[in-house]
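Reading the structure
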Protein chains: 2
Amino acid sequence: MATLTDVARRAKVTAATVSNVLRNPDKVRPETAERVKRAIRELGYRPNLNARALAEGRSPTLALMLSSIANPFYPEFVLAAERAARRAGYFLMVCNTDDDAEIGRAYLTQIAGTLAEGVLVLNTDIAINELCESAAVGAPIVLSLWEHPEQLPALPCVAVDFAHAGALAARHLLELGHRDIGMLVGDGCGGLQDARATGFREVMREAGLEPDDAAVLQIPDTIDAGFAACVELMEREPHLSALFATNDLLAIGALQALATLGRKVPDDVSVIGITDIQLAHQVRPSLTTVAINTEAIAQASIELLIRLIHEPRGDTQPPAVIAPLPTLVRRQST
Amino acid sequence: MATLTDVARRAKVTAATVSNVLRNPDKVRPETAERVKRAIRELGYRPNLNARALAEGRSPTLALMLSSIANPFYPEFVLAAERAARRAGYFLMVCNTDDDAEIGRAYLTQIAGTLAEGVLVLNTDIAINELCESAAVGAPIVLSLWEHPEQLPALPCVAVDFAHAGALAARHLLELGHRDIGMLVGDGCGGLQDARATGFREVMREAGLEPDDAAVLQIPDTIDAGFAACVELMEREPHLSALFATNDLLAIGALQALATLGRKVPDDVSVIGITDIQLAHQVRPSLTTVAINTEAIAQASIELLIRLIHEPRGDTQPPAVIAPLPTLVRRQST
DNA sequence: ATGAAAGCGCTAACAG
DNA sequence: CTGTTAGCGCTTTCAT
C-alpha cells in the first residue's frame, strides 16, 4: 500500500504538505494541492488509520459490548448506535461476549483505550467495579439501558425508567378491566428485569390487587422460553385473563403459545410486552407493548460516550442521562 | 495510559525486554519476566494495539460489510463470523451500509488495508469491479453468500447453491401433491433472489408444470412486504394451495397474512421458505424451510478471508469455496 | 539474556 | 505556503 511519503515523493513535496492537503486544505496553495491530489489518485493512496491514531493519540473507533447480537433486540440498538457513531466520525466495533465474562474481559483489556476510544456496555457479566477499574486506566465506559434511574451506578450511564414502563403496562391492563394477570419476568440485561416487574406490581397494589406468586414465572429472555412458560402458566392458572411480559420476546413467545393452545388473543387472553422491537408489529395479532424508544437511547448513549471522550471528568459524579419516558403502544394483543 | 517504556522503566529493563515477555516469553529469564509482569500489573499496562499494528504492518481486525443488521438474518451470520474471527485472534468490525453505496465506499476506502486486514462483503450496492479495484490496492475482499456457484465472480467468494435450495423446496411441495403454487421472490442480497426462483421453476417444469406469472410477486426482503404480498396474492389467486418464498422473512410474513385471512396453514395453504433463520422455528405454525447453514457459511467465509490475508494470491483464479448443500427442514407449515 | 537503535506511517509544532 | 524535525508506542534486528 502506498504511503504518505510515496505520495509526497511523487508530487514533489514533503509528507507534511500531503498531510495538510488531507486535513487542513486551506493551508496549502491550490496548485500544489491539485498536484498532490493527483498523486493520491494515481497511487490509490489510503491513509493508514493506525498510524494516524498513533500519532494523534486517539482512535476513530468506539466499542459496543453486548451479550449476543442474536437477541433480536440488539440489532436495532446496534444500527442506531452505528449511525450515531458514524455521524460523529467514529467506527463502531461490535463485541459479542457470548454471555462469557472472560470474553468480555478480554475485549475490555484489549481494545479499551487502544483500538477503541470508548466503550458502550449494554449488558455484561462483568461486575460494575471491574468496569470502573478499567475505565480508570483505559477508555471511558458508558453503561446503557440502566434499569434503575433512582439508583445510579458508579459509572456514567443512560438510564431508562423501566419501572415506569411496567407501570404503564399495568395501568393499561387495569383499564381494560383485567384483574387476573400472569407475569413473565425475563432475566435479560444481566439480571432479572425486576424494575419492570416492580413498577407493574406497585400499580396493581395501588389498585388493591395483591400479586399471586403462582402466576409469576422467571425465565430466560427468549421467544422459546416465553412460549414454554406461557404453556405452563396457562395450564396451571387457566383463569388468567391477561399476561404481562417484561419484554417483547417473552410476549411474542406467549402469543405463539396461546395460538397453539387455541386461546384467542385478545378475546380470551390479552398480552402486553415491553420494548417495542420491530417484530412486535410484525406478528399477528400485533403486540401491544411499552416502547422504550431504542433509537433515542442508542443515540444518547453514543453521544454521552463521545462527550466523555472529549471532556474526561475528574472526580466528579459520573454523569447520568435519563432517557425519555417509555410510552404505551396499543396494538391488537390487548 | 501506561506505555511499554513506563513498564520498562519501572522494571529496570528496556522496552525490548518488556515486549519479549509479552510475545516471546522464552527469550527472557524467568526472574526478569516476573519483575516485568509485576510492573505491568502495578501500572495496569495495556499494549497499544494501534502502535503494534503499525510496527507489525498488520492489524488485528476484520471488517464485515452488510446492508443493515436490522434484517434478522444478519445477526446470526455476524455472531458466527465473530466467533470464527475471535478464534483466529481477530476482532470483527461490523459495517452497516444502510443500503447506501456511498457509505459502503467510505467504509471500504477508510478501513480496508489500514484498520481492517480484510473485508467480508455480504451484500452491497457497490459494483464488483469497484470491489476488485479496492482489493487490488488494499486489503483482500471476500464475497460471501454468492448465489451463483456456476458463475463465479472475479473476487474470492463463498458460494451457496441457492438454486438447489429452490429445487428442494419445489420437490417438497410437489411430493405433498401441490400443483397450484404461488411465489414470493425477494430482492435481498443486492438483486432479485432469482437463482432460488430459477431452481424452483426448473423442478416444476420437469414435473410438467408451467409457472403462472400471475402467481409470482417480486418484493422487498421483509416480513411486512411478505405479509402484504401474500394478502394481495391470495385475493387475486385464491386457488393457490401452497406458497414458496425465496426467504424466510417473506414466508413468515405470509404465515401471518394467512392467519389474518383465516386460511389454515398447512391445511388450506402450505408455506415454505429458504434460509432457516431462528425465527423460522419460533413462529406458529413453525416454518418448513430449506436451511443454508448460516453458521458454516460464516465460518468458511472468515477462514477464507484469513487464508487470503496470509497467502496473498498472484494473478491466479480467485478462490471459491462452495458451501455445503442446503437441506430441507420439515416443520408445521407444510 | 538484555540493550541499543532504527523504523512502521502519520501528525504537529516550528522555521523559513 | 512549504519544509524540517521530533515523536506517538511498539517490534525487530543486531550487538553486547
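Residues numbered from 1 in each chain as written. Chains lettered and ligands numbered in written order. Predicted model: local features only at pLDDT ≥ 70, side-chain atom pairs only at ≥ 80, totals over all residues. Heavy atoms only, no water.

Going by an unreviewed UniProt entry, chain A carries the name Transcriptional regulator, LacI family and comes from Paraburkholderia steynii.

1. Regarding the protein's contact with DNA strand D
Of all residues adjacent to DNA strand D, which total 24 residues, the nearest are A:Thr32, B:Leu4, B:Ser19, B:Tyr45 and B:Arg52. Within 4 Å of the protein, the atoms of DNA strand D are drawn from sugar and phosphate moieties in a proportion of 75%. Separating a phosphate oxygen of DNA strand D from a backbone N or O atom of A:Thr14 is a distance of 2.9 Å. Of all elements in the fold, only α2 (15-23) and α4 (49-56) of chain A together with α2 (15-23) and α4 (49-56) of chain B reach the threshold of two or more residues within the surface near DNA strand D. The element that contributes the greatest number of residues to the surface near DNA strand D is α4(B), accounting for 4 residues. (Near = heavy atom within 4 Å. Polar contact = N/O pair within 3.5 Å; in protein donor to acceptor, adjacent residues only side chain to side chain. Helix = DSSP H or I, 4+ residues; strand = E, 2+ residues; numbered from the N terminus.)

2. Section: the sheet that holds strand β8 (residues 242-245) of chain A
Residue and element names in this part refer to chain A. Taken together, 6 strands build an open sheet; the order of strands is β7-β6-β8-β9-β10-β12 and the sheet is mixed. Whereas interior strands pair on both sides, the edge strands pair on one side only; in this sheet they are β7 (216-219) and β12 (327-329). Averaged over all pairs of adjacent strands, the angle between strand axes in this sheet comes to 20 degrees, irrespective of strand direction. Two strands pair when backbone bridges link them, and strand β10 (residues 288-291) and β12 are joined in this way by 3 bridges, in the antiparallel orientation. Bridge pairing in β12 places Val-290 opposite Leu-328. The strands touched by helix α10 (residues 223-236) within the sheet are β6 (181-186), β7 and β8, with β7 carrying the most contacts at an inclination of about 160 degrees. (Pairing = 2+ DSSP bridges. Axes fitted to C-alpha atoms, helices over the stretch in contact; angles between N-to-C directions. Contact = heavy atoms within 4.5 Å.)

3. Here we look at the packing of helix α5 (residues 73-87) of chain A against helix α13 (residues 294-310) of chain A
All names here are of chain A. For the pair α5 and α13, interaxial distance at closest approach is 8 Å and the crossing angle is 45 degrees. Compared by their axis directions, α5 and α13 come out oblique. α5 and α13 meet at a crossing whose hand is right-handed. Contacts between α5 and α13 involve Phe-73, Glu-76, Phe-77, Ala-80, Ala-81, Ala-84, Ala-85 and Arg-87 on the former and, on the latter, Thr-294, Glu-295, Ile-297, Ala-298, Gln-299, Ser-301 and Ile-302. Of the residues assigned to the contact of α5 with α13, the class counts are 9 nonpolar, 3 polar and 3 charged. (Parallel < 35°, antiparallel > 145°, perpendicular 65-115°, else oblique. Left-handed = near helix turned anticlockwise from the far one by under 90°. Nonpolar A, V, L, I, M, F, W, Y, C, P; charged D, E, K, R; others polar.)

4. Let's talk about the nonpolar core
One recurring pattern in soluble globular proteins: nonpolar side chains tend to sit buried together. Counting residues in hydrophobic clusters, the biggest one holds 172 residues, and the most contacted among them are A:Phe77 and B:Phe77. Not counting the four nearest positions on each side in its chain, B:Phe77 is found in contact with B:Leu64, B:Leu120, B:Leu122, B:Ser144, B:Leu145, B:Thr294, B:Ile297, B:Ala298 and B:Ser301. Counting residues in each nonpolar core, the second largest holds 24 residues, with A:Leu49, B:Met93, B:Tyr107 and B:Ala159 among its members. (Core = buried A, V, L, I, M, F, W, Y, C linked by side-chain atoms within 4.5 Å. Buried < 20%, exposed > 50% of the residue type's maximum accessible area, 1.4 Å probe, protein only.)

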